[in-house]
Amino acid sequence: MKIYLRRQLNLLEFTLSSLLRRKGKNLALLVVFSAIVFMLASALLYSHALRREAAILLKDAPELVIQKMVGGRHDLLPQANLAKLAEVRGITQIHGRLWGYLFDPIAAANYTVMVPQTNPPEPGFAIIGEGISGARGAEPGDQLSFKSHDGGLLTFRVAQVIAYESALATSDLFLVNEDDYRRLYGIAPGLFTDAVAKVRNPREVGKAAEKIAELLPDSRIVLRDEILRTYESVFDWREGLLLVLLTGAVLAFAIFAWEKASGLSAEERREIGILKAVGWETGDILLMKMWEGGVMSLSAFLIGYLLAYLHVFYLGAPLFEPVLKGWATMYPAFRPTPFIDGFQVATLLILTVLPYLAATVVPIWRAAIIDPDQVMR
Amino acid sequence: MIELSEVRKAYNQGKPNEFWALRGIDLRLSLKAVTVFMGPSGSGKTTLLTMIGGLARPTSGRVRLMERDISSLPEKFLTDIRRRTFGFVFQSFNLLKGMTALENVMIPAYPLGLPHEALRKRALEMLDLLGMAAKAESKAEWLSGGEAQRVAIARALINDPDVIIADEPTANLDGQLAEQFLEIMAELKARGKTLLMTSHDPRIRKAAVVDGIVWMQDGQIASSD
């Protein structure tokens, strides 16, 4: 066992010395390989972080959202319906929500306008997200004007800019008072965009939804779990699309690695011949080459993964943000919480290191069975 | 004793460019002696050495090393015998570029599993024996022809083989370096090593250290003395 380990160490030492002898070639390979791992790891880490963030955000979201439907489309919900909903057994809390979208031609972006349930701003004031503040250069005390539903101009003074920590959910948020909201959209008192309900027993959410559907047949009930699943599937789809594109890059790299290994230079073949002539077995050559592949691919994996980690968790993944985050004009300045998933690391290792080793093993074996007498001829 | 019976070797057998390099060699070589194979280019000298050293197998016939037939051994065993019994000095020295003289000498011993320090010490001893200790850390490509050859000899000796095989060892050396080589050969012979070499060099033929000369012609032995 001791001899076996020492033999491996000696072969590893020879391998490292060999790698250093061809610095330029091996460095180029390491850079390309690391770049592939970096791209794949960035995509996986970022989409995973988005999913986690969505789950965290939805943790405190209401269990049920009730919308009124007319002609299959979302319509305003009358106050009377809220009263009916409050009588459903198991529902502890219900309230109507007011929200909508507002297009700002100056920033060429859509804002999400909402009336908060608690601590709404004073009439004529607005609390804005960091994205809006950045796009319009608006700070507390500045004024922002928008066209209302009837073409009139409504002016809001910025009361506060919402803190960065919750940027994913609040970047494009524009919070106003209920009266201002109704004036902006021309929605009469007693009408709401939709309603949210809390259920006493979380296990009875489905039952409560059934009762609501019986009570208000023209309503659509959205469960929190359904929203979470939608988020998941959207991120899965985007991540899948990106991975399909990157798989092409991995395959191209595997072909490149195979080409490199099969097209051993005359100098490398001569060296293998010398090693065999002086007493190395085919197995020793294979082991040495496997060590070479292992050192290269694991180094590239570690470098690529580390760079991806910094790219995603410290820089906010600027390279993949538009693909993975969605269509919004105003991207939140989102910096995900650092997190490493063991399963994900293993998947990436299998996706990158194994194809490289698999692509190089056959050409290496072909080179390793070179007749040792070639160096004498 | 190294014994060859009816050894024949063909390259590209069955193809239009088939070539018989050896055409039935019968030979007995004494151990602890210096034997030189001479003859024109293409006469089969180098091919014969590759058969004896286990670098290639004969197409037919047998090679026996101390009563053991090595021509039909599986590769693993043949490699083991080659590693422990033979040391090779190639015509163009075949040192690995980018590696130091010391690392080049260590190469044959890497797969033996010796502790690194012991391996290094042994390689340094070999270099010292050949007066090359001062050049241990020099890269192979920085060495002169004579220095490179001495490093190649040190590499051939690291596993303490009984037989040294040298292919045209003085072909790339001037007169003075060729003399030095012959001195090294005499020293190795005195240590009980068997030396087999091919050569065109008349200085080798006339050297006192040489015990026997085998003349070859067209893949056959023309004469021996």
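Calculation criteria
- Residues numbered from 1 in each chain as written.
- Chains lettered and ligands numbered in written order.
- Predicted model: local features only at pLDDT ≥ 70, side-chain atom pairs only at ≥ 80, totals over all residues.
- Helix = DSSP H or I, 4+ residues; strand = E, 2+ residues; numbered from the N terminus.
- Buried ≥ 20, exposed ≤ 12 C-beta atoms within 10 Å, placed from the backbone.
- Contact = placed C-beta atoms within 7 Å.
- Pairing = 2+ DSSP bridges.
- Axes fitted to C-alpha atoms, helices over the stretch in contact; angles between N-to-C directions.
- Parallel < 35°, antiparallel > 145°, perpendicular 65-115°, else oblique.
- Left-handed = near helix turned anticlockwise from the far one by under 90°.
- Nonpolar A, V, L, I, M, F, W, Y, C, P; charged D, E, K, R; others polar.

### Considering the overall build of chain A
Along its length, chain A carries 12 helices and 13 strands. Here chain A holds 377 residues, and 30% of them are scored as buried. Sequence-distant contacts, at least 24 apart, represent 81% of the contacts inside chain A between residues at least 6 apart.

### Quick word on the sheet that holds strand S7 (residues 163–167) of chain B
Residue and element names in this part refer to chain B. Strand order in the open sheet formed by six strands is S6-S7-S8-S3-S9-S10, with mixed pairing between adjacent strands. Both outer strands of the open sheet, strand S6 (86–89) and strand S10 (220–224), are each paired with one neighbouring strand and no more. Across the sheet, the mean angle separating the axes of adjacent strands is 20° when strand polarity is ignored. Of the strand pairs in this sheet, S6 and S7 are connected by four bridges, and their pairing is parallel. Bridge pairing in S7 links Gly87 to Ile164. Those strands touched by helix H5 (residues 145–157) are S6 and S7, and its axis lies near 165° from that of S6.

### Notes on the environment of Thr59 of chain B
All names here are of chain B. Secondary-structure assignment places Thr59 in the loop between helix H1 (45–52) and strand S4 (60–65). For Thr59, a count of 15 C-beta atoms within 10 Å puts it in the partly exposed group. Taking the C-alpha atoms as reference, Thr59 lies 9.4 Å from Ser71; in sequence the two are 12 residues apart. Once you skip the residues sitting within four places of it in the chain, Thr59 turns out to touch Arg8, Lys9, Ala10 and Gln13.

### Points about the packing of helix H1 (residues 2–21) of chain A against helix H10 (residues 282–313) of chain A
All names here are of chain A. Viewed as axis vectors pointing N to C, H1 and H10 meet at an angle of 60°, and their least axial separation amounts to 9 Å. Judged by the inter-axis angle, H1 sits oblique to H10. Where H1 crosses over H10, the two elements pack in a sense that is right-handed. Mapping the contact onto sequence places Leu11, Leu12, Phe14, Thr15, Leu16, Ser18 and Leu19 in H1 and Asp284, Leu287, Met288, Trp291, Glu292 and Val295 in H10. For the contact of H1 with H10, the residue count by class is nine nonpolar, two polar and two charged.

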